[in-house]
Amino acid sequence: MPIYEFYCSECNTIFNFFSRRVNTEKRPFCPKCSRGPIERVISKFAVMRGAKEKDNSCIPELNESKLENAMSMIEREANTLKEDNPKQAAKLMRKLCDISGLNLGSGMEEALRRMEAGEDPDKIEQDMGDILNEEEPFKLSQKTLHKLRKKPVERDETLYYL
């Protein structure tokens, strides 16, 4: 009967889950914040002896291979972008913001919504030029900045059922 460890990036906590049988597929929701499904992590006791100890002070927020795949997807889509299609450009911008955690600001969000509706970008710029120039687009949100700070991972010693 195995015990699995799962990490919740929202709570920055590792939780232990007991399973009556081997189950490598099931991923639970966080018992603390209900976010999920949360990510399985390799238990410290499962690390081979003699293996080089790496810094476990923080579990990275971003899976590098997932991020690389996402950026490759964005690059592929950018290469097929048609200049006369504002909906396509807005969709690509929305994906980039979702992946990166960038906060566009209310004016840029409004411009993006208008582009998603198919409105002419030149008209949007004409209507909103002053607003767009005053904002700091591509500024990281407070939530993203908080996640990027390195902090020790907490461990919840409670044994939950998977």
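The structure presented is a predicted model; accordingly, all values stated were derived computationally and were not measured.

K.L.:
Residues and numbers for the sheet that holds strand 1 (residues 3-8), please.
P.N.:
The strands making up a sheet are joined through hydrogen bonds of the backbone, oriented either antiparallel or parallel. Read from one edge to the other, the open sheet built from four strands follows the order 3-1-2-6, with strand pairing classed as mixed. Looking along the sheet, the strands with just one partner apiece sit at the ends: strand 3 (39-41) and strand 6 (154-161). For this sheet the average axis-to-axis angle between neighbouring strands, irrespective of direction, equals 35 degrees. Of the strand pairs in this sheet, strand 2 (residues 13-18) and strand 6 are connected by six bridges, and their pairing is parallel. Paired with F15 across the strands is D156, a residue of strand 6.

K.L.:
Break down the state of the cysteines for me, citing the residues and quoting the values.
P.N.:
In this structure the tally under the stated criterion is zero disulfides. Sulfur of C11: no disulfide; nearest cysteine sulfur belongs to C33 and is 3.5 Å away. Left unpaired, C30 is separated from the closest cysteine sulfur, that of C8, by 3.7 Å. Residue classification places C30 among the buried residues on the basis of a relative accessible area of 3%.

How each quantity is defined
Residues numbered from 1 in each chain as written. Predicted model: local features only at pLDDT ≥ 70, side-chain atom pairs only at ≥ 80, totals over all residues. Heavy atoms only, no water. Pairing = 2+ DSSP bridges. Helix = DSSP H or I, 4+ residues; strand = E, 2+ residues; numbered from the N terminus. Axes fitted to C-alpha atoms, helices over the stretch in contact; angles between N-to-C directions. Disulfide = S-S within 2.5 Å. Buried < 20%, exposed > 50% of the residue type's maximum accessible area, 1.4 Å probe, protein only.

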